[in-house]
Amino acid sequence: MVTDAEWTRIRRGLRFGQVFEGTVVRVPRPGAIGIFVDIGLSVGGFVDVLMLPEQTEDWPTEGTVADFEIWWADSRRQIRLKPSDSHYLRNDFTCFVERFRPNWPFEVGQPVRDPDPPPPR
């Protein structure tokens, strides 16, 4: 388990769009949640189902080695990734980005921001 301090240290060294070579280590429920990727850090990487092709046979399988880009990192102590290879991306990825993350092109290369602080109780 990664401590809060370790996660903060790791997250501060990350940049949006930063590329890691990773190995797909788990595809627990194809078509349902996404894939888990080992990118060589003490925290795991995850590609959400929303990033992947609609047809699960086009998903990378366990053991696949490919490049992945940092899409997000927050308090979950998990690095959210997107595949660099367009073959492993949803077909309408450009439209998806325009709709849900229009600032993505400007965020690439920027440090991963700390998550918003929890709301006061």
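The structure reproduced in this document is the subject of the present report. Given the structure is predicted, the values throughout are model-derived calculations rather than measurements.

### Looking at the pattern of salt bridges
Reasoning step 1: Per the stated rule, a full pass over the model turns up six salt bridges.
Reasoning step 2: One salt bridge connects Asp48 with Arg80, and the closest N-O pair in it is separated by 3.5 Å. Taken as a pair, Asp48 in strand 3 (residues 44–48) and Arg80 in strand 5 (residues 78–83) lie far apart in primary sequence, 32 residues in all.

### Some remarks on the sheet that holds strand 5
Reasoning step 1: Taken in spatial order, the five strands of this closed barrel run 1-2-3-5-4, and their pairing is mixed. Strand after strand, the sheet turns through a mean of 55° between neighbouring axes, direction not considered.
Reasoning step 2: As judged from the four bridges shared by strand 2 (residues 34–38) and strand 3, these two strands associate in the antiparallel manner. Opposite Ile35, over in strand 3, you have Val47 as the bridge partner.

### What about unusual backbone geometry?
Trans peptide bonds make up the majority, and among non-glycine residues the majority have a negative phi.
Reasoning step 1: Residues other than glycine seldom take positive phi values, yet Arg77 does so here, at roughly 55°.
Reasoning step 2: One can find Arg77 in the loop between strand 4 (65–73) and strand 5.

### As for the pairing of strand 5
Reasoning step 1: Of all six residues in strand 5, six are buried; the element is thus mostly enclosed.
Reasoning step 2: Burial along strand 5 is two-sided: the residues Gln78, Arg80 and Lys82 and Ile79, Leu81 and Pro83 are all buried.
Reasoning step 3: Two elements, strand 3 and strand 5, share three bridges in a ladder whose sense is parallel. When the sheet's bridge partners are listed, Gly44 is paired in strand 5 with Gln78.
Reasoning step 4: Pairing analysis gives five bridges linking strand 4 to strand 5, with the strands arranged antiparallel. Bridge assignment links Trp72 to a residue of strand 5, and that residue is Arg80.

### Concerning the side chain of Glu69
Reasoning step 1: As for its placement among the helices and strands, Glu69 is situated in strand 4.
Reasoning step 2: A polar contact of 3.2 Å, which involves the side chain of Glu69, links it to the side chain of Ser84.
Reasoning step 3: Discounting chain neighbours no more than four positions away, the residues touching Glu69 are Gly17, Gln18, Val19, Arg80, Leu81, Lys82, Ser84 and Trp104.

### Looking at the packing of aromatic side chains
Reasoning step 1: Throughout the structure, instances matching the rule amount to seven aromatic pairs.
Reasoning step 2: Between Phe96 and Phe100, the aromatic rings sit 5.2 Å apart at their centres with planes inclined by 45°, giving tilted as the arrangement. With a gap of four residues between them, Phe96 and Phe100 both fall in helix 2 (residues 93–100), about one helical turn apart.
Reasoning step 3: Since its relative accessible area comes to 11%, Phe96 is described here as buried.
Reasoning step 4: When its relative accessible area of 53% is taken as the criterion, Phe100 is described as exposed.
Reasoning step 5: Through a chain of ring-to-ring contacts, the aromatic side chains of Phe16, Trp71, Trp72, Phe93, Phe96, Phe100 and Trp104 assemble into a single cluster.
Reasoning step 6: Its end group placed over the ring of Phe36, Arg26 keeps NZ or CZ at 4.4 Å from the ring centre.
Reasoning step 7: Sitting over the face of the ring of Phe16, Arg101 holds its NZ or CZ atom 5.0 Å from the ring centroid.

Calculation rules
Per chain, residues are indexed from 1 in the order of the written sequence. Reporting in this predicted model follows two pLDDT cut-offs: at least 70 for local features of residues, and 80 or more for side-chain atom pairs to be given and counted; totals over whole chains, interfaces and linings ignore these cut-offs and use all residues. Neither water nor hydrogens contribute to the side-chain values; these are computed over all heavy atoms in the structure. The term salt bridge refers to a pairing of a side-chain nitrogen on Lys or Arg with a carboxyl oxygen on Asp or Glu at a separation within 4 Å. Strands are runs of DSSP state E lasting at least 2 residues, helices are runs of H or I lasting at least 4, and numbering of each runs from the N terminus. Paired strands, as defined in this entry, are two strands with at least two bridges between them according to DSSP. Interaxial angles span 0 to 180 degrees and are taken between N-to-C directions of axes, which are lines fitted to C-alpha atoms, for helices over the stretch in contact. The classification of residues rests on relative accessible area computed with a 1.4 Å probe and restricted to protein chains. Under 20% of the type maximum is buried, over 50% is exposed, and intermediate values are partly exposed. Here a polar contact is recorded for every N or O atom pair within 3.5 Å, except that within protein the pair must consist of a potential hydrogen donor and a potential acceptor, and residues adjacent in sequence are included only if both atoms are side-chain atoms. Two residues form a contact once any of their heavy atoms are found within 4.5 Å. Put simply, two rings from Phe, Tyr or Trp (the six-membered ring, in Trp's case) pair if the centres are within 6.5 Å, and we call them stacked under 30 degrees between planes, edge-to-face over 60, tilted for the rest. Throughout this description, the term charge over a ring refers to an Arg CZ or Lys NZ atom that lies within 6 Å of the ring centre and within 35 degrees of the ring normal.

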